[in-house]
Amino acid sequence: MTQKTKDKVNILFVCHGNICRSPMAEFVMKHLVREAGLTDSISITSKALHTDEIGSDTHQGTRAVLDAHGIPYETRHVALMTHADYDACDMIIGMDEENMRDLSRLTGGDPNGKVHKLLSYTGTTRDVADPWYTGDFNAAYRDVEAGCRALLQVLTKRK
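Every chain is numbered independently, its residues counted from 1 as its sequence is written. Local features in this predicted model are restricted to residues of pLDDT 70 or higher, and side-chain atom pairs are both shown and tallied only at a pLDDT of 80 or more, whereas totals for entire chains, interfaces and linings draw on every residue. Excluded from the side-chain calculation are hydrogens and water; included are all heavy atoms of the structure.

Q: Looking at this structure, how should I read the environment of Pro-131?
A: For the purposes of this entry, the term helix denotes a DSSP run of H or I that reaches at least four residues, the term strand denotes a run of E that reaches at least two, and both are numbered from the N terminus. Here Pro-131 shows up in helix 5 (residues 131-134). With a 1.4 Å probe rolled over the protein chains alone, any residue whose accessible area is under 20% of its type maximum counts as buried; one over 50% counts as exposed, and the rest are partly exposed. Among the residues examined, Pro-131 registers a relative accessible area of 2% and is labelled buried. Spatially, the C-alpha atom of Pro-131 lies 7.7 Å from that of Arg-21, the residues being 110 residues apart in sequence.

Q: Looking at this structure, how should I read the packing of aromatic side chains?
A: Two numbers describe a pair of aromatic rings. These are the distance of the centres and the angle of the planes. Between the rings of Phe, Tyr and Trp (Trp by its six-membered ring), a pair exists once the centres lie within 6.5 Å; its type follows the angle of the planes, with under 30 degrees stacked, over 60 edge-to-face, and the other angles tilted. With the rule as written, the count across this model stands at one aromatic pair. Aromatic pair Phe-27 and Tyr-73: ring centres 6.1 Å apart, planes at 50°, arrangement tilted. With Phe-27 in helix 1 (residues 21-35) and Tyr-73 in the loop between helix 2 (60-68) and helix 3 (83-88), this pair connects stretches of sequence that are 46 residues apart. A relative accessible area of 1% means that Phe-27 is categorised as buried. A positively charged side chain is recorded as over a ring if its NZ (Lys) or CZ (Arg) lies within 6 Å of the ring centre. The angle to the ring normal must also be within 35 degrees. Sitting over the ring of Tyr-86, Lys-114 keeps its end group 4.8 Å from the ring centre.

Q: Just checking my understanding: could you explain unusual backbone geometry for this structure?
A: Across the chain, the bulk of peptide bonds are trans and the bulk of non-glycine residues have phi less than zero. One non-glycine residue, Asn-18, adopts positive backbone phi at about 65°. Tracing the sequence through the fold places Asn-18 in the loop between strand 1 (9-15) and helix 1. For Asp-110, which is not glycine, the phi torsion reads 55° and is therefore positive. Of note, Asp-110 is situated in the loop between helix 4 (97-107) and strand 4 (115-117). Note on Asp-110: relative accessible area 17%, which makes it buried.

Q: Would you explain the pairing of strand 3 (residues 91-94) in this entry?
A: Regular strands place side chains that alternate from one sheet face to the opposite one. On strand 3, burial covers both faces: Met-91 and Ile-93 on one face and Ile-92 and Gly-94 on the other are all buried. Pairing between two strands is assigned when DSSP locates at least 2 bridges connecting them. As defined by bridge partners, strand 1 adjoins strand 3 across three bridges and the pair is classed as parallel. From the neighbouring strand, Ile-11 faces strand 3, where its bridge partner is Met-91. Direction of pairing for strand 3 relative to strand 4: parallel, over a ladder of three bridges. Directly across from Ile-93, in strand 4, lies its bridge partner His-116.

Q: Which parts of the structure should I look at to understand helix 6 (residues 137-158)?
A: An α-helix turns once every 3.6 residues. As a result, residues three or four positions apart point the same way. Take the number of residues in a helix, subtract one, and multiply by 1.5 Å to get its expected span. With 22 residues, helix 6 extends 31 Å from end C-alpha to end C-alpha; this agrees with the ideal 32 Å at 1.5 Å per step. The set of residues buried in helix 6 consists of Phe-137, Ala-140, Tyr-141, Asp-143, Val-144, Gly-147, Cys-148, Ala-150, Leu-151, Leu-152 and Leu-155. The contact definition used throughout considers only heavy atoms, calling two residues in contact when any of these lie within 4.5 Å. Buried positions along helix 6 lie against strand 1, helix 1, strand 2 (42-48), helix 2, strand 3 and helix 5. A 3.5 Å cut-off defines polar contacts: any pair of N or O atoms within that distance qualifies, except that in protein one atom must be a possible hydrogen donor and the other a possible acceptor, and neighbouring residues in sequence count only when both atoms are side-chain atoms. Between a side-chain oxygen at the N-terminus of helix 6 and the backbone nitrogen of Asn-138 the separation is 3.3 Å; the capping residue is Asp-136.

Q: I tried to follow the environment of Thr-58 on my own but got confused; where do I start?
A: You can see Thr-58 is positioned in the loop between strand 2 and helix 2. Remark: the alpha-carbon pair of Thr-58 and Ser-120, spanning 62 residues in sequence, is separated by 24 Å. Not counting residues within four places of it along the chain, the set of residues in contact with Thr-58 comprises Ile-19, Pro-23, Phe-27, Arg-63 and Arg-76. Of the polar contacts made by the side chain of Thr-58, one reaches the side chain of Arg-76; its length is 3.3 Å.

Q: How do you make sense of the side chain of Thr-62 when you look at a structure like this?
A: Tracing the chain through its elements places Thr-62 in helix 2. At a separation of 3.2 Å, a polar atom in the side chain of Thr-62 contacts the main-chain carbonyl oxygen of Cys-20. With residues near it in sequence (within four places) discarded, Thr-62 still touches Ile-19, Cys-20, Met-24 and Phe-137.

Q: Can you help me understand the pairing of strand 1 in this one?
A: With seven of seven residues buried, strand 1 is to be regarded as a mostly interior element. Of the two faces of strand 1, both are covered, the one formed by Val-9, Ile-11, Phe-13 and Cys-15 as well as the one formed by Asn-10, Leu-12 and Val-14. One ladder, built from seven bridges, connects strand 1 with strand 2; its direction is parallel. When the sheet's bridge partners are listed, Val-9 is paired in strand 2 with Ile-42. Viewed with both strands pointing away, a crossover whose connecting path from the first strand over the helix to the second turns clockwise is right-handed. Where the polypeptide runs from strand 1 across helix 1 and back to strand 2, its parallel neighbour, the crossover connection is right-handed.

What follows is the structure in structure tokens.
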């Protein structure tokens, strides 16, 4: 479970298996938050919405694109999002319409308005395409970075 921390905005990124897009978003957002000097006020993690990859580490394609952009990451193990994570987090960010449907079922329709699609912060309804299927980790990175930068702008305007 993700722990709710006082005075911190707790963000949970999710995708189908948590090996490509959501860990990419987690590590990109952590990097942006570090650069902005906001690590004391924003906590970031990621989880899966399906059990396919439980226990796996981040996909090698995601690690390669993060390396290419100088984004640090650490070894991790996929964990499944639970309803307790909904209670513990302030924002839950999905990558595509399938994630949004899964999140609606898991959260009982998002009664607290915490669930958003990443690219909605950029003013679009597009999905972050899954590089597991497309093989295009660079396109996923461009979308994830744009979404994370826009999300950070929203968060810094709140302060």
